[in-house]
2 protein chains.
Amino acid sequence: MTESRPLPEAPLRILPLGGLGEIGKNMMVLECGDDIIIVDCGIQFPTEDMPGVDLIIPDVSYLVAQSHRVRGILITHGHEDHIGGLPHVLPDLDVPVYAPKLAHGLITVKLNERRRTRDAVVHAIEPEEPVHIPDAMGICIETPWGSVIHTGDFKIDHTPVDGHTIDLPALAERGKNGVLLLFSDSTYAELPGYTPSEQIMTDALDRAVGGAPGRVIIATFASLISRIQQVITAAENHGRHVAFVGRSMVANVQMATEMGYLDALPGTIVPVRDVAGLPAERVVLMTTGSQGEPTSALVRIAKGESRDVVLMEGDTVVISATPIPGNERAVSQTIDNLLRQGARVLYDRIAPVHVHGHASQEELKLMLNLTRPRYFVPVHGEYRHLRAHAQLAWELGAAPDGIFVLEDGEILEIDQDGAEVVGSIPAGPIYLDGPTVMDTDSVVLRERRSLARDGVVVVCAGVDQDGELTGQVQVAGSGFMDPGDAKDIFKRLRRRWRWGFQAICPPTTWTKRAQTSEKLPDSSYATI
Amino acid sequence: MTESRPLPEAPLRILPLGGLGEIGKNMMVLECGDDIIIVDCGIQFPTEDMPGVDLIIPDVSYLVAQSHRVRGILITHGHEDHIGGLPHVLPDLDVPVYAPKLAHGLITVKLNERRRTRDAVVHAIEPEEPVHIPDAMGICIETPWGSVIHTGDFKIDHTPVDGHTIDLPALAERGKNGVLLLFSDSTYAELPGYTPSEQIMTDALDRAVGGAPGRVIIATFASLISRIQQVITAAENHGRHVAFVGRSMVANVQMATEMGYLDALPGTIVPVRDVAGLPAERVVLMTTGSQGEPTSALVRIAKGESRDVVLMEGDTVVISATPIPGNERAVSQTIDNLLRQGARVLYDRIAPVHVHGHASQEELKLMLNLTRPRYFVPVHGEYRHLRAHAQLAWELGAAPDGIFVLEDGEILEIDQDGAEVVGSIPAGPIYLDGPTVMDTDSVVLRERRSLARDGVVVVCAGVDQDGELTGQVQVAGSGFMDPGDAKDIFKRLRRRWRWGFQAICPPTTWTKRAQTSEKLPDSSYATI
């Protein structure tokens, strides 16, 4: 006879704040009685229909109001879509952060850049829980209602670069003891089969570096430390030095080297300013910009606007990343610009230069079958990815009343009567434009889109107390017609109304701003 | 001893006006002495960084200035990226159009919609030249310098839906007699292997229609008549009726039926208003919107905004198309919205519901090897596609001085001394926003992007002859801050300057406009 625990009084509540119904800004909240635990706190990058937006973070207003109950933020791994929100959230939500060691390092680099987050409390933790790879971990949370497993981003790599394989027996053990709820990564739930091992990148990068006649420029994510290590190794195999371009990559490499996550022979890594003095066939450059981000190092190089790297005959550029949905066009344009400048370019459609970090269908099935959860909530994916993942679970025989395709903000409540969506909390995206914070209710983005679609015309008329015009009516326009064409229209109006026409801003001013992407200084409202 | 023709005096000039360095708005110009021949006249759809733009067409200013020399426009086939520019170009460039029969029908539908092009001269021609499939043809032009072959869009389909296979022996014959120049389709030059036959769609669509429990809604290109025929056949096999939704699809189906290109049993095709009276399992609907176009039928259905089709339990939606580069996000959002409404959705990543119409690498090699041209210019593709195609030619042993990767506007001149890029003509995109025409020099788009990124603030002050303020200073803003936040700033200013704040337009007005996507009426400039 097994001892039965008394049933807890408060239900377990699941509140996804990001990453469900979208790729990016992952954030999951678990709440039971007086305790709230958060998993991850990521950012999302803006798309072209969000003019002027720099970043998107989750809406944490619910958590800020409940901050006395928040026990901490658990971080699965150190990629932007899992940690990028911390610098923006921690000033308002003063709670401890727990992260695996490398993520701890990446977070520290990030928080130290900002005065307001320099004193945040971040604990490095040693994972000993089921899903365990050095850069990342799955998380198992023991709740009063049972075990909850969150896979984080995962794939099942039997030959990982650093030898730390995923702990499948521990997962199986958990599954045997009963798992209440599984959150599992859905990013590649549409893809049949298995995701290849990172190991194939070792050979691929070695061939790319070894076979290049001149310099090799490799772009990848600044936080993908294992890929950076593979490049360093490939460079050393072929007697090349490695230099890093791009602020975040330089900072992360320094941190990872100090923490022992990067292993390079003395002299292999050189500052980018020393590259000019080296023969081309002795150089590997690593840069940010694999997603075509407008201000990144690679995009500047592709446009011939980089101060650090000017492309030359014989250069090979390797884009060691897959475009995140929405970035396809920016990445394609970057490739085209690199080719136009005469570089040879290796990218995922024509060469095996990237392996993604997410499980495909066979791995997802394995995870479901090992953990055999009572409830399953697919996470990390646009709606169709979540649905595809739910379909997989259903095909494996999971009970339909145990599968919940949730989207950000929906509250799932679990108690002795089962699980049920009971309501929702605000979880819309929060847009950051410099110091300006906008939510989905903000009229700013709507107004900007209107301005963009139609331009603006301003009529300025002095009217006296009797409603009579007191002088010339001025009409100013921007973004609706070329000044020359508009002049004709306004000339006709002026004949009747004595109206004049002027551009709100001289076009040259707009143009200069458009080219340099300068922001209005904060004080501009006062000086206009 | 063969008779030698005297060398022509004027060189052959190649002037690409669209489709080289981009996907879409295909247009190629050949010029020799007093004769100019144009191949295709397509449009391109705007991307999200072109606010307010409806369509993009080629810049034909060079041709308009030379119109007395233009002998005609040859059309390879009737897809939008090959014929869509005609209604916008023909009013200024009054030259005859020659098109294969089906394309002739599609063009006529298009030109009849507009008063200014209703009288354009369009000739239907029967192809008897090398590349020959019924909807499309390659073109062989005999110039004084030799034969020029333009493949149009092609793939080598040994089992096409209508039995008209590509005429490979004729191509080989041409090749044997000597081909001066080959223009060949580069869209899928990155893809190894062969493109599958359209025939597999017959089975795939039959399975999709036969296996669906309720209605089947199939989205594809309105001009892809052969796919529409496949759907009609599948519907008839399973005792279903077919109705069409979307203006262009309805018009094209009517034309194609009248011309005998569509074959349906009496009663199979029904008006969409009759669908409500039929059992769900007797219905197939075909719609436009396979590229996620904002105002298309499928996007309206996905958003629950269609008057014709309201999704219901058991509906299956098939997206029988691949996203054109740049449209990935719009298509994904449409799929997500359809799933959210409870439909089952079959799309290219999870089901074999589309075969594209462009040759892969093995077919491109075959084309190069059959025609063995002296000069080769890859066409139809972004820059990396053209480069990949050029690389294929180089690998097949083509002389490097015979391969030219050109971009729009570059002039290639061929004469007895060889071929050489000798200059360029204006070939930037022309943006159409309703009646407004903008070129790349236009400040309108730059201003719109600036407005979108930063918003606008207008200060209105009356100043007397002495430079003194004559009344309250008004400040108006849009798209830079939420009115509440801005009010605080302007309150502080007002204390000092007696300034007032008002929105340029009440936010509710903007919102309404943003939701309904209404355009300003043409007369609005006068009524503001």
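Looking at an unreviewed UniProt entry, one finds chain A named Ribonuclease J1, with Geodia barretti as its source organism.

As for the overall build of chain A
Of regular secondary structure, chain A possesses 16 helices and 25 strands. Put simply, chain A has 528 residues, and 55% of those count as buried. Partitioning the intrachain contacts of chain A with sequence separation of at least 6 by distance along the chain shows that 72% fall at a separation of at least 24. When the accessible surface of chain A is summed, it comes to about 22900 Å², and 50% of that surface belongs to carbon and sulfur atoms.

Quick notes on the pattern of salt bridges
Under the counting rule described, the total for this entry stands at 46 salt bridges over all chains. Notably, a salt bridge pairs E22(B) with K25(B), separated by 3.0 Å at the nearest N-O pair. Like E22(B), the residue K25(B) is buried in the burial classification. Here the residues in one salt-bridge network are E190(A), E382(A), R384(A), D336(B) and R349(B), joined through shared partners.

Overview of the packing of helix α6 (residues 199-210) of chain A against helix α7 (residues 225-237) of chain A
The angle between the axes and the distance between the axes are what describe a pair of packed helices. Residues and elements named next belong to chain A. At their nearest, the axes of α6 and α7 sit 9 Å apart, and the two run at 45° to each other. Classed by the angle they form, the pair α6 and α7 counts as oblique. Crossing hand, α6 versus α7: right-handed. Counted together, M201, T202, L205, D206 and V209 of α6 and R227, Q230, V231, A234, A235 and N237 of α7 form the full contact between these two elements.

Points about the pairing of strand β11 (residues 146-150) of chain A
All names here are of chain A. In terms of burial, β11 is largely enclosed, as five of its five residues are buried. Bridge count between strand β10 (residues 139-143) and β11: five bridges; the pairing is antiparallel. Following the sheet pairing, E142 is matched in β11 by S147. Linking β10 back to β11 in an antiparallel pair, the connection comprises two residues. Where β11 and strand β12 (residues 179-185) come together, four bridges link them in parallel fashion. Following the sheet pairing, I149 is matched in β12 by L182. Each parallel crossover has a hand, and for β11 linked through helix α5 (residues 168-177) to β12 it is right-handed.

What about the confidence of the model for chain A?
Low pLDDT means the predicted coordinates in that region are not meant to be read closely. All names here are of chain A. On average, chain A scores 87 in pLDDT, and the residues at 70 or more come to 89%. This stretch, residues 129-133, has a pLDDT under 50; its non-local contacts, to residues over four places away or in other chains, come to 22 contacts. Every residue in residues 499-528 is under pLDDT 50, and counting partners more than four places away or in other chains gives 59 contacts.

Thoughts on the environment of G21(A)
Position of G21(A) relative to the elements: it lies in the loop between β1 (12-18) and β2 (27-32). Note on G21(A): relative accessible area 19%, which makes it buried. Those residues in contact with G21(A), other than ones at most four positions away along the chain, are G381(A), E382(A), Y383(A), L386(A), E407(A) and R340(B).

Regarding the side chain of T220(A)
All names here are of chain A. Here T220 is to be found in the loop between β13 (216-219) and α7. Of note is the side chain of T220, whose polar atom sits 2.9 Å from the backbone oxygen of S320. Those residues in contact with T220 that lie beyond four places of it in its chain are R227, M249, M286, T287, T288, S290 and S320.

Section: the sheet that holds β12(A)
All names here are of chain A. Reading across the sheet, the four strands line up as β10-β11-β12-β18 and stay open at both edges, with mixed pairing between neighbours. The open sheet has two edge strands, β10 and β18 (373-379), and neither has a second partner. If you compare each strand with its neighbour and ignore which way they point, the axes differ by 15° on average. Docked against the sheet, helix α11 (residues 361-371) engages β11, β12 and β18, running at close to 170° with respect to β12.

Structural notes on helix α13 (residues 443-454) of chain B
All names here are of chain B. In this model α13 runs 16 Å from its N-terminal to its C-terminal C-alpha over 12 residues, within 8% of the 16 Å that 1.5 Å per residue would give. The buried fraction of α13 amounts to 10 of the 12 residues, a majority that puts the element mostly inside the structure. All of the buried residues along α13 are V443, V444, L445, E447, R448, S450, L451, A452, R453 and D454. Its side-chain oxygen at 3.0 Å from the backbone nitrogen of V444, S442 defines the N-terminal cap of α13. Trailing α13 by a residue or two, G455 shows a phi angle of about 75°, which is positive.

Quick word on the sheet that holds strand β22 (residues 436-438) of chain B
All names here are of chain B. Strand order in this open sheet of three strands is β4-β21-β22, and the pairing throughout is antiparallel. Looking at which strands have only one partner, the edges of the open sheet turn out to be β4 (55-57) and β22. For this sheet, the mean inter-axis angle between neighbouring strands, taken without regard to orientation, is 30°. Inspection of the sheet shows β4 paired to strand β21 (residues 430-433) by three bridges, in the antiparallel sense. Bridge assignment links I56 to a residue of β21, and that residue is Y431.

Some words on α11(A)
All names here are of chain A. Residues of α11 that are buried: Q361, E363, L364, M367, L368, L370 and T371. Buried positions along α11 lie against β11, α5, β12, β18 and α12 (383-395). Downstream of α11 by one or two residues, R372 has phi in the positive range, about 40°.

Examining the packing of aromatic side chains
All names here are of chain A. All chains considered together, the criterion is met by two aromatic pairs over all chains. Judged by centre distance (6.4 Å) and plane angle (55°), the ring pair of Y375 and F404 falls under tilted. Within this pair, whereas Y375 is found in strand β18, its partner F404 is found in the loop between α12 and β19 (410-415), the two being separated by 29 residues in sequence. The two residues Y375 and F404 agree in class, both being buried.

Here we look at the packing of helix α11 (residues 361-371) of chain B against helix α12 (residues 383-395) of chain B
Residues and elements named next belong to chain B. Contact geometry of α11 with α12 gives a least axis separation of 10 Å together with a crossing angle of 55°. Classed by the angle they form, the pair α11 and α12 counts as oblique. Crossing of α11 over α12 shows right-handed handedness. Contact residues: Q361, L364, K365 and L368 in α11; H389, L392 and A393 in α12. Of the residues contributing to the contact of α11 with α12, the split by class is four nonpolar, two polar and one charged.

What about unusual backbone geometry?
Residues and elements named next belong to chain A. Even without being glycine, K25 reaches a positive phi, approximately 40°. Overall, the relative accessible area of 0% leaves K25 in the buried class. Here the phi dihedral of D40 falls at roughly 70°; this positive angle occurs in a residue that is not glycine. Tracing the sequence through the fold places D40 in the loop between β3 (35-39) and β4 (55-57).

Observations regarding the side chain of D153(B)
Residues and elements named next belong to chain B. Relative to the helices and strands, D153 is located in the loop between β11 (146-150) and α5 (168-177). Comment: no salt bridge for buried D153; closest opposite-charge side chain is K155, at 11 Å. A distance of 3.2 Å separates polar atoms of two side chains, one belonging to D153 and the other to H77. Within the local environment of D153, its side chain forms a polar contact with the side chain of H380, the two groups lying 3.0 Å apart. Sequence-distant contacts of D153, defined by excluding residues within four places in its chain, comprise H77, D81, H82, D185, G357, H358 and H380.

Criteria and cut-off values
Counting starts from 1 at the beginning of each chain's written sequence and moves along it residue by residue. For this description, chains carry letters from A and ligands carry numbers from 1, given in the order in which they are written. The predicted origin of the model limits local features to residues at a pLDDT of at least 70 and limits the giving and counting of side-chain atom pairs to 80 or more, whereas totals for whole chains, interfaces and linings rest on all residues. Side-chain metrics rest on all non-hydrogen atoms present in the structure, leaving aside hydrogens and water. Labels follow the DSSP assignment, with helices taken as runs of H or I lasting at least four residues and strands as runs of E lasting at least two, numbered in each case from the N terminus. Relative accessibility thresholds used throughout: buried, under 20% of the residue-type maximum; exposed, over 50%; partly exposed, between the two (1.4 Å probe, protein chains only). Contact between two residues is taken to exist if any of their heavy atoms lie within 4.5 Å; hydrogens are not considered. Each accessible area is a Shrake-Rupley estimate made with a 1.4 Å probe; only the visible protein chains count as cover when residues are assessed. By convention in these notes, a salt bridge is any Lys or Arg side-chain nitrogen within 4 Å of a carboxyl oxygen on Asp or Glu. Simply put, an axis is a line fit to the C-alpha atoms, just over the touching stretch for a helix, and the angle between two N-to-C directions goes from 0 to 180 degrees. Relative orientations are named as follows: roughly parallel for angles under 35 degrees, roughly antiparallel for angles over 145 degrees, roughly perpendicular for angles from 65 to 115 degrees, and oblique for any other angle. Crossings are sorted by hand: turned counterclockwise from the far helix by less than a right angle, the near helix makes the crossing left-handed, and turned clockwise it makes it right-handed. Between any two strands, pairing holds if DSSP finds at least two bridges. Look down the strands so they point away from you; if the path from the first strand over the helix to the second goes clockwise, the crossover is right-handed. pLDDT: the predictor's confidence for each residue, scored from 0 to 100. Polar contact is defined as a pair of N or O atoms within 3.5 Å, subject to the rule that within protein one atom must be able to donate a hydrogen and the other to accept it, and that residues adjacent in sequence are counted only when both atoms are side-chain atoms. Multiply 1.5 Å by the residue count of a helix minus one, and that product is the helix's expected span. Within 6.5 Å between ring centres, the rings of Phe, Tyr and Trp (the latter by its six-membered ring) count as paired, and their orientation is classed by plane angle as stacked under 30 degrees, edge-to-face over 60, tilted in between. Residues are grouped as follows: Ala, Val, Leu, Ile, Met, Phe, Trp, Tyr, Cys and Pro are nonpolar; Asp, Glu, Lys and Arg are charged; every other residue, Gly included, is polar. By the counting scheme adopted, Arg and Lys are positive, Glu and Asp are negative, and His together with the chain ends is not counted.

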